[in-house]
Each structure stands twice: as C-alpha cells, then as structure tokens.
Amino acid sequence: MVELLCDRAPVGACASLSFGAAIDHLTGTVYGSAPLWGDESAPYDLGADLRRRRPDVNWCLVNDVTAALLDFATMHARPGTRRVAYLTVSSGIALRIADLEQTRIPVDDRGLQGEVGHLPVTLTHPGADKLVGLPCECGATDHLASVASGPGLNRTAERLGFSGAPQVASWLPDALATGEPGARRLLELCVAPIAQLLRTLWCLDPHLDLIGIGGGVAEGLGGHYAAEVRSQLAVATSYADRGRDDAWLDDRLVFCVPGQVDALRGAQRVGDWLPRITR
Ligand SMILES: [Zn+2]
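What this report covers is the structure whose coordinates are included nearby.

Scoring rules and cut-offs
Residues numbered from 1 in each chain as written. Predicted model: local features only at pLDDT ≥ 70, side-chain atom pairs only at ≥ 80, totals over all residues. Heavy atoms only, no water. Helix = DSSP H or I, 4+ residues; strand = E, 2+ residues; numbered from the N terminus. Buried < 20%, exposed > 50% of the residue type's maximum accessible area, 1.4 Å probe, protein only. Phe/Tyr/Trp six-rings, centres within 6.5 Å; stacked < 30°, edge-to-face > 60°. Lys NZ or Arg CZ within 6 Å of the ring centre and 35° of its normal. Donors = N, O, S within 2.8 Å, 3.2 Å for Na, K, Ca; no water. Tetrahedral: all angles 85-135°; square planar, octahedral: opposite > 155°, others 65-115°. Patch = residues over 30% accessible without salt bridge, like charges linked within 9 Å, V, L, I, M, F, W, Y side chains within 5 Å. Areas by Shrake-Rupley, 256 points an atom, 1.4 Å probe, with all protein chains shown as cover. Salt bridge = Lys/Arg side-chain N within 4 Å of Asp/Glu carboxyl O.

## A few points about the environment of alanine 177
When you line up the elements, alanine 177 lands in helix α7 (residues 168–177). What makes alanine 177 exposed here is its relative accessible area of 58%.

If you want it as structure tokens, here you go:
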C-alpha cells in the first residue's frame, strides 16, 4: 500500500488520505484496523513511513470516519448546530463528533475519538441473550461490532439459526421487504445496540444536535434500517428516556443514502480543521 501510494503521488503533491483504521490524527500512527488487519495491534506509523519515502509530498492522513464526518457536517449542519456526529455501521462501527461552536474535534491522548465498535456491547434487548459470546474481528467477544456490524449481522443470523446465513447481505433486504418475521427479528437484534448507543449519546450530550448514520449496513438496508432505529428510539425506556417522536428524530437524525457522504471530499477539508483536532 505504501509503495503504491508513493508511486502514484505526483511530485510536490498535497495528498489527502481517508484511511479506515484507528489512527492518531496528529501523527498518522495507525493503532489497528480489525476489518483490515484482524487482531494485529502493534502501532504502525504510516504517516512517518510515507513522509520518509516521499518527503516532497505533503501527506495528510485522516481516519475515514473523521473524513466522512467533515463532509457530512459541511453538507448538513445548519446555523445553530452545536455538535454534529457521524456514525458508520459497515464492516466496522465507529463514531466521530465535531464541536462546531469551536470548530474542534477533540481526541484523547492517543489521538483517538469514538472507536465505539470495540466497546463491550449491552445485550439487554429481549432475546439478545442468545447472542452472548459472538466474536469480533479484533479477536475479542461481545463487542458492539460483534453484533451490529456487517459481519456481526452474519454472525447473529447464524446464531439464530437462519438458513439465509451467511449470505445475509443478499437475502435480508428482500426478506425485510416481504415482511419475513425472521428477517425483522434479525434486524431488531442488530439495531438494538445501535439504538442504545444513540440514547447514551443524547443522554450524555444534550447539545449533540445532529447525527448522520451511514456505512454499508445502514445504507444497504436503507429505509428498513432507518425505520427500525426510529421505532426503537420511540420507545420509552425510563423516566429519563421518554422515547422520541418523529418530529424530534426528523430534526436530529439523518440516514445517509449511498454517495451522500464522501470521505475523500472530507479528507480534502481536513486541512481547515487540523489545527483544532486537539487532545
Ligand atoms: Zn472488537
């Protein structure tokens, strides 16, 4: 990959990379990428490697979710939007939040933010006890991505004993369209931890005014996915979470369609933000 990139970059170019890995935004160090590299977790300074081989090129490395967030925020934030998030539900799951009031993307001491796919999953939805112990690409079990990512959907289908597994991606949309109960059940279980993540986000940050949801799973299942997320969020779970009506959700949730968010376009915009991607 490094050889290819160095081979293709024109002399003196400014190269923006949208890279699908947990990456230190300030240095370009890659900490891991379960969908790409499995359980490999030795940090790799991709940015330094590129700069050493092609010092004439101005390399700008940005995590693909951060890049997607920058594009989403530019296209969808309205005057007065305080914080905006982008959640990708794809081969992996990750979230990024930008503070538009300060034009800032806060990151931790490793330059990371929002790697939620590899947090332990809360399996409280009725029937979700069947999903205990599902593996994750990172090598652990019971992570959010174990259940709710694209591969997680396959694992869940298999665990539930569906004959459509492991070709869920081709079987599920049609099965949902015809209202097959097993398909609805599968979607419900895989969406439940995502709905829980959204509830938690709004509980912890009332100024999170806008969330975009994209990625292969969410976009591929389209209206079915959106309807399931919205119907789960409509349910009151406690006095602190009284459920959210259509108008409230319309104002804050955007379900992206394929092509709506362009991570490469976002990567080109990261220069405007880099001084304010801060620890
Ligand atoms: Zn994991």
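## Section: the packing of aromatic side chains
Going through the model one piece at a time under the given rule, you end up with three aromatic pairs. Plain terms: the ring middles of phenylalanine 162 and tryptophan 171 are 5.9 Å apart, the flat faces sit at 55 degrees to each other, and that makes the pair tilted. Residue tryptophan 171 is classed as partly exposed on the basis of its relative accessible area of 22%. Between the NZ or CZ atom of arginine 110 and the centre of the ring of tyrosine 31, over which it lies, the distance is 4.6 Å. Sitting over the face of the ring of tryptophan 248, arginine 244 holds its NZ or CZ atom 4.9 Å from the ring centroid.

## Quick notes on the coordination of the zinc ion
For the zinc ion, the protein coordination sphere consists of His118 (ND1), Cys136 (SG), Cys138 (SG) and His143 (ND1), at 2.0 to 2.3 Å. Coordination at the zinc ion is tetrahedral: its four donor atoms span angles of 97 to 119 degrees at the metal. Counting gaps between the donor residues of the zinc ion yields the pattern H-x17-C-x1-C-x4-H. Taken together, the positions of histidine 118 in the loop between β8 (105–106) and α5 (144–148) and cysteine 138 in the loop between β8 and α5 put the pair 20 residues apart, joining distant regions of the chain. In this structure histidine 118 comes out as partly exposed when scored by relative accessible area, which is 31%.

## Some remarks on a nonpolar patch on the surface
Judged by side-chain polarity, Met1, Leu36 and Trp37 come together as a nonpolar surface patch covering roughly 310 Å² of accessible area. Take leucine 36: it is sitting in helix α2 (residues 34–37).

## Things to note about the pattern of salt bridges
Scanning the model with the defined rule gives 17 salt bridges in all. One salt bridge connects aspartate 49 with arginine 53, and the closest N-O pair in it is separated by 3.4 Å. With aspartate 49 and arginine 53 both in helix α3 (residues 46–53), this residue pair falls four residues apart, about one helical turn. For the salt bridge of aspartate 205 with arginine 83, the shortest nitrogen-to-oxygen distance reads 2.7 Å. Highlighted residues: aspartate 205 in the loop between α8 (181–204) and β9 (208–214) and arginine 83 in strand β6 (residues 83–89), separated in sequence by 122 residues.

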